[in-house]
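# Examining the three-dimensional arrangement
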Amino acid sequence: MNKKEVAEIRKALTSYGIISKLCGCYVNHEKRKLLVYKNLFAALEEREEHRYTSIIKKSLSGQIDGSLFNLDLVPCAREKRRMYELLTELKDSELEDDELINEFYDSLIEMFPYGENYLILIINSTYDVPGKASDGTTMDDASDYLHRFINVIICPVKLSKEGLFYNEDKNNIETRMTDWLVGEPLTAMMFPSFNERYTDDHELLLYLRKDEDAVAELVKEMFGCGMPLSAKKQKTIVTELLDDTLSGKFGAETVNEIYGEIGRRAMSEEEYNKNLDKEDLKNILRDSGVGDDAVKEFDKGFDDRIENNKKIPAENLINKKAVIIKTGSVEIKAEPDIAESIEERMIDGRKYLLVPVSEFIKINDVKIKL
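The notes below deal with the structure included here. (Residues numbered from 1 in each chain as written. Predicted model: local features only at pLDDT ≥ 70, side-chain atom pairs only at ≥ 80, totals over all residues. Heavy atoms only, no water.)

Our next topic: the side chain of S67. Within the secondary structure, S67 sits in the loop between α2 (46-58) and β3 (68-72). On the basis of relative accessible area, S67 is assigned to the buried category, the value being 15%. For S67, the contacting residues outside a window of four places in its chain are S61, G62, L206, Y207 and L208. (Helix = DSSP H or I, 4+ residues; strand = E, 2+ residues; numbered from the N terminus. Buried < 20%, exposed > 50% of the residue type's maximum accessible area, 1.4 Å probe, protein only. Contact = heavy atoms within 4.5 Å.)

Below is the structure:
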């Protein structure tokens, strides 16, 4: 799925009322099911519906290859056949088969080595896909295709803290007792995918909030594959590779040029320019004046750290808001366009960083005389 297809499904889930049923299973840290329930989505109270909808929207948020990943299920269908069958049967049954639902819960609980309480949600939806005119406009009254799918979402459930709160009914300040609160999704999956606006039973859309060993083990057990790299992990790995490659060998101009090009690729309107593989990054290094030996070092490190030379969104590798410059105990935070103007200068035998001054300077928020 691409970002337009994800956005279409996300909008449909909150705008078209396409969700029919919602199932839940609350599991404690000992892998014991404390609660199993099923509801018609339309029968939920408005506040409940809003909360569940927020969780579903969150499970479809982020960038492709950032927190959302397209997972090929063809290998899964061969190696983890029962899991693939369970997902397919759940979707086809429209969550009517309680025995099937419980088998899925039991399988997932067994595979998930999570040491805390959590909630498993399964949502059934049917999207009446609107047709599109030749000019790309949507025709809501010209649909002839139904996309049936399920969302499986796992949320942590954590104990809230005690505190004081205002009781509006009693007009009084009282003590709030602790409650078990459902948090934002740890991971989620939408099956089947929605590719080129049609159902694709060979693919699943996976959501990862952050890198977590328990989620990595679950993905491996369910689908027989490794954990995709989150956006944060992608940035960490490439930053470490660049540090290993460039550290102490190249000046600020070279580093600024490398990150400037990555930033330009991130802002490109051409989709193929936005994602960088190993060769793209090596070419950026060469074009910035990095020699062959250092490029070879980067090449080897990339193969060791990133599986299958996967493309990485350029926007995952940069901080769009600021460039952080550190030296000793001093840290400078600058906007990306200003950072390119910072230069190194040797003065009286000591190296300094020269920072362009705007119309004022403040120390501890107090403006000083220039």
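Here the narrative resumes.
Before going further, it helps to spend a moment on the environment of E269. Structurally, E269 can be placed in the loop between α8 (252-267) and α9 (271-274). In this structure E269 comes out as exposed when scored by relative accessible area, which is 79%. Distance from E269 to T245, taken between C-alpha atoms, is 30 Å for residues 24 residues apart in sequence.

A pair can form between side chains of opposite charge whenever their charged atoms are brought close. A full pass over the atoms with the stated rule returns 22 salt bridges. A salt bridge links E96 to K21; the nearest nitrogen and oxygen atoms lie 3.0 Å apart. Here K21 lies in strand β1 (residues 19-27) and E96 lies in the loop between α4 (81-93) and α5 (98-111), a separation of 75 residues in the sequence. Assessed through its relative accessible area of 10%, K21 is described here as buried. A salt bridge links K278 to D299; the nearest nitrogen and oxygen atoms lie 3.4 Å apart. Note that K278 is positioned in helix α10 (residues 278-287) and D299 in helix α11 (residues 292-305), a separation of 21 residues in sequence. A single burial state applies to K278 and to D299, both of which are buried. Taken together, the shared-partner salt bridges connect R81, R82, E85, E89 and E103 into one network. (Salt bridge = Lys/Arg side-chain N within 4 Å of Asp/Glu carboxyl O.)

Our next topic: α10. Looking at α10, one finds that the buried residues are K278, D280, L281, K282, I284 and L285. Where α10 is buried, its residues contact α7 (231-246), α8, β15 (275-276) and α11. The opening residue of α10, the one whose side-chain oxygen lies 3.1 Å from the backbone nitrogen of E279, is D277. Following α10 by one or two positions, G289 adopts a phi angle in the positive range, close to 95°. (Polar contact = N/O pair within 3.5 Å; in protein donor to acceptor, adjacent residues only side chain to side chain.)

What follows concerns empty space enclosed by the protein. Under the defined criterion, the tally for this structure stands at one cavity of 30 Å³ or more. One number sums up the size of the largest cavity: a volume of about 40 Å³. Lining the largest cavity are S59, L60, L68, N151, A188, M189, M190, L205, L206 and Y207. Mapped by element, the contributors of at least two residues to the lining of the largest cavity are β11 (187-191) and β14 (203-208). Split by residue class, the lining of the largest cavity holds eight nonpolar, two polar and no charged. (1 Å grid on protein atoms, 1.4 Å probe; cavity = no way out; pocket = protein on both sides within 12 Å on 5 of 7 lines; lining within 4 Å. Points joined across faces, edges and corners; volume = space filled by probe spheres on them. Nonpolar A, V, L, I, M, F, W, Y, C, P; charged D, E, K, R; others polar.)

Looking now at the environment of L44. Within the secondary structure, L44 sits in the loop between β2 (33-40) and α2. In this structure L44 comes out as buried when scored by relative accessible area, which is 10%. Counting along the chain gives 100 residues from L44 to D144, while the straight-line C-alpha distance between them is 29 Å. Discounting residues that sit within four places of it in the chain, L44 has contacts with N39, E49 and Y52.

This part takes up unusual backbone geometry. Comment: phi is negative for the bulk of residues other than glycine, and the bulk of peptide bonds are trans. Cis geometry is found at the peptide bond from F191 to P192, where omega equals -10°. Position of P192 relative to the elements: it lies in the loop between β11 and β12 (193-195). One non-glycine residue, E196, lies in positive phi territory at about 55°. Mapped onto the fold, E196 is located in the loop between β12 and β13 (198-200). Overall, E196 belongs to the exposed group, its relative accessible area being 69%. Look at R197: it is not a glycine, yet its phi comes out positive at around 65°. Residue position: R197 is located in the loop between β12 and β13. Classification of R197 as buried rests on a relative accessible area of 18%.

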